[in-house]
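Each chain, written out:
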Amino acid sequence: MSLRIVVTVKYVPDATGDRHFADDLTVDRDDVDGLLSELDEYAVEQALQIAENADDAEVTVLTVGPEDAKDALRKALSMGADKAIHVEDDDLHGTDAIGTSLVLAKAIEKAGYDLVISGMASTDGAMGVVPALLAERLGVPQVTLLSEVAVQDGTVRGRRDGDAASEQLQAALPAVVSVTDQSGEARYPSFKGIMAAKKKPVVSWDLSDLDLDAGEVGLANAWTKVEAAAERPARSAGTIVTDEGEGGRQLAEFLASQKFI
């Protein structure tokens with residue numbers, strides 16, 4: 001029987017862009033380019049490696065987001081994933097991590113799975129709680145923050161590195177795992193992969209396809225939201241120390257005044 005791997009990915013604003021909040025204090029996505037979250041690329045890579053080492057496996061990438069989120073799916077497909085699922089619905093606007101985990105869980109159950117792989121966090125919200133929330137909603141074990149991961153004989157195994165020690169963990173499938181940015185560099189899509197991605201299936205679902213109601217998601221029903229935001233102050237001009245024999249002393253005095261020394 002084929003090993004069914006689902007990778008949850010997120011379409012995030014480009015961190016190098018000039019990001020702003022909209023009037024409702026959600027991120028203004030029309031004002032900045034988006035892309036596949038870099039931390040999710042590690043999850044796609046680990047899914048592909050597991051699939052390559054399995055006798056029979058299929059990798060599905062899943063995202064919840066606006067129309068442009070298909071770009072994130074295409075990037076994952078060009079890396080080598082087999083197919084993609086895009087959950088898109090206007091009522092999802094402003095959904096927080098709690099609501100997103102509900103939508104993802106419903107989509108994962110509908111798609112069918114043996115293993116769910118996520119990145120350690122998204123590069124925009126950076127909460128890192130969705131894998132645990134997913135495991136709770138699906139009622140399966142979670143093995144999170146792995147630097148190494150492998151599947152054999154119906155069991156997922158991995159290594160979690162901490163400040164003082166490394167742990168060897170395992171869980172019976174089905175299970176949810178998350179991987180860190182230490183799990184191995186993600187492959188770069190080849191030209192062949194980019195062309196092949198254009199022919200791979202991308203299924204689109206909305207809330208009704210998942211038997212969900214608008215009252216369960218969206219900004220109005222979020223457990224967490226931004227209450228206020230202010231623009232970061234403009235950077236002030238730096239202090240220039242002209243060295244005429246006293247530069248060292250002036251530099252030391254400046255560092256001391258800023259409590260650096």
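Everything discussed here concerns the structure shown above.
What counts, and at which threshold
- Residues numbered from 1 in each chain as written.
- Predicted model: local features only at pLDDT ≥ 70, side-chain atom pairs only at ≥ 80, totals over all residues.
- Heavy atoms only, no water.
- Pairing = 2+ DSSP bridges.
- Helix = DSSP H or I, 4+ residues; strand = E, 2+ residues; numbered from the N terminus.
- Right-handed = clockwise from strand over helix to strand, strands pointing away.
- Salt bridge = Lys/Arg side-chain N within 4 Å of Asp/Glu carboxyl O.
- Buried < 20%, exposed > 50% of the residue type's maximum accessible area, 1.4 Å probe, protein only.
- Phe/Tyr/Trp six-rings, centres within 6.5 Å; stacked < 30°, edge-to-face > 60°.
- Lys NZ or Arg CZ within 6 Å of the ring centre and 35° of its normal.
- Axes fitted to C-alpha atoms, helices over the stretch in contact; angles between N-to-C directions.
- Contact = heavy atoms within 4.5 Å.

1. With respect to the pairing of strand E4 (residues 57-64)
Next up, step 1: Where strand E1 (residues 3-8) lies against E4, six bridges are found, and the strand directions are parallel. The partner of Val7 across the bridge, within E4, is Val61.
Next up, step 2: The pairing of E4 with strand E5 (residues 83-87) spans five bridges and is classified as parallel. Bridge pairing in E5 links Val64 to Val87.
Next up, step 3: On the question of chirality, the crossover connecting E4 to the parallel E5 by way of helix H2 (residues 70-79) is right-handed.

2. Examining the pattern of salt bridges
Next up, step 1: One pass over the full model with this rule turns up 13 salt bridges.
Next up, step 2: For the salt bridge of Asp114 with Arg4, the shortest nitrogen-to-oxygen distance reads 3.2 Å. Note that Asp114 is positioned in the loop between helix H3 (97-111) and strand E6 (115-119) and Arg4 in strand E1, a separation of 110 residues in sequence.
Next up, step 3: Residue Asp114 is classed as buried on the basis of its relative accessible area, which comes to 17%.
Next up, step 4: The exposure class assigned to Arg4 is partly exposed, which follows from its relative accessible area of 28%.
Next up, step 5: The shortest N-O distance in the salt bridge between Glu41 and Lys75 comes to 3.1 Å. With Glu41 in helix H1 (residues 38-52) and Lys75 in helix H2, the pair connects residues that are 34 residues apart, well separated along the chain.
Next up, step 6: The exposure class of Glu41 is buried, given its relative accessible area of 18%.
Next up, step 7: What you see here is one network of salt bridges that share partners, running through Glu45, Glu52 and Arg187.

3. Side note on the packing of aromatic side chains
Next up, step 1: Tallied over the entire structure, the rule returns zero aromatic pairs.
Next up, step 2: The positively charged end of Lys110 is found above the aromatic ring belonging to Trp205, 5.2 Å away from the centroid.

4. What to know about the sheet that holds strand E7 (residues 142-146)
Next up, step 1: One open sheet holds the seven strands; their spatial order is E7-E11-E6-E1-E4-E5-E12, and the pairing between them is parallel. Across the chains shown, the open sheet's two edge strands, defined by having one partner strand only, are E7 and strand E12 (202-205). This sheet shows a mean twist of 20° between the axes of neighbouring strands, independent of strand direction.
Next up, step 2: For E1 and E6, the ladder comprises three bridges, and the chain directions are parallel. Note on E6: the bridge partner recorded for Val6 is Val116.
Next up, step 3: On top of the sheet, H1 reaches E1, E4, E6 and strand E11 (175-179); it is set at about 150° to E6, its chief contact.
Next up, step 4: Docked against the sheet, H2 engages E4, E5 and E12, running at close to 165° with respect to E5.

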